[in-house]
Amino acid sequence: MRASLVAVLLLEALVGCGKRSSDPGPSATSREVTGTITVDGTPLTVASCRPGRDITTYVEALTSAGVLRFEDRQLFWSADPMAIARGEVLTCEQLDRSWGGGTRADGTAYWRGTLVFRCKAGARSITGDLKLDCGNITAEERAQLDHNRQELRDEQTQQRDGAGSSVAP
């Protein structure tokens, strides 16, 4: 795997350079965003998503009412759509995620995945079911993400199939 292409699936604890661009630029615009975020019963359309890299690769889903950020196996909510900070950490009773992403040699990031969640921020309820494809993923990056996803599935199948068997040495 090339050093300039770091593609991971379900691996959020990456050591990085700590770079973060406050201006996502045109390359961070989403190719595909489907699903909604619901805040206190009000559905919000996700206008775009913005991948980035701090200590780990993250993604932000931008709505008119705030920003949802997934980073380091956690969700964060900021009611300020222009927020630069990651916001308040959410307490989730459900957080299903499957993702892959990375950073490029030029410091830009990409992220593809799904987030299904039921969370709270104090008394506020925040739920969602999102499919995000962010950062203008190239054909090469997409192929690497697909390859990593298949390797993970194969590994999970092997673990599941081997879990019930016992082999004598």
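Residues numbered from 1 in each chain as written. Predicted model: local features only at pLDDT ≥ 70, side-chain atom pairs only at ≥ 80, totals over all residues. Heavy atoms only, no water.

What about the pattern of salt bridges?
The tally for this structure, following the rule as stated, stands at eleven salt bridges. Between E71 and R69 there is a salt bridge; the shortest N-O distance is 2.9 Å. R69 shares its class with E71; the two are buried. The salt bridge involving D161 is made with R160; its shortest N-O contact spans 3.9 Å. When salt bridges with common partners are traced through the structure, they connect R50, D54, E60, R69, E71 and R86 into a single cluster. (Salt bridge = Lys/Arg side-chain N within 4 Å of Asp/Glu carboxyl O. Buried < 20%, exposed > 50% of the residue type's maximum accessible area, 1.4 Å probe, protein only.)

Digging into the environment of E88
Inspection of the secondary structure puts E88 in strand β8 (residues 88–89). For the pair formed by E88 and A121, sequence separation is 33 residues and the distance between their alpha carbons is 7.2 Å. Leave out the neighbours within four places in its chain, and E88 touches L75, F76, W77, A121 and G122. (Helix = DSSP H or I, 4+ residues; strand = E, 2+ residues; numbered from the N terminus. Contact = heavy atoms within 4.5 Å.)

A closer look at unusual backbone geometry
Negative phi values dominate among residues other than glycine, just as trans dominates among peptide bonds. Despite not being glycine, R73 has its phi angle at roughly 65°, a positive value. As for its position among the elements, R73 is in the loop between β6 (66–71) and β7 (74–78). Within the chain, N136 stands out as a residue other than glycine whose phi angle is a positive 50°. Here N136 shows up in the loop between β11 (124–134) and α1 (139–163). For N136, a relative accessible area of 36% corresponds to the partly exposed category.

Description of the nonpolar core
Formed by 23 residues in total, the largest nonpolar core has its most connected members in I37, L68, L75 and F117. Listed by contribution, the elements that provide at least two residues to this core are β2 (32–39), β5 (57–63), β6, β7, β9 (91–103), β10 (109–121) and β11. The element contributing the most residues to this core is β10, with five residues. Contacts of F117, omitting those with residues within four sequence positions, involve I37, L68, L75, Q94, L95, I126, T127, G128, D129 and L130. (Core = buried A, V, L, I, M, F, W, Y, C linked by side-chain atoms within 4.5 Å.)

Some details on the pairing of β10
When a strand is regular, its side chains alternate between the sheet's two faces. The sheet contact formed by β9 and β10 spans twelve bridges and is antiparallel. Directly across from G100, in β10, lies its bridge partner R112. Counting the residues in the hairpin turn of β9 and β10 gives five residues, including G107, whose phi is positive at 90°. The pairing of β10 with β11 spans eleven bridges and is antiparallel. Considered in β11, the bridge of F117 is made with G128. The turn joining β10 and β11, which pair antiparallel and follow one another in sequence, is formed by two residues; a positive phi near 65° is taken by G122. (Pairing = 2+ DSSP bridges.)

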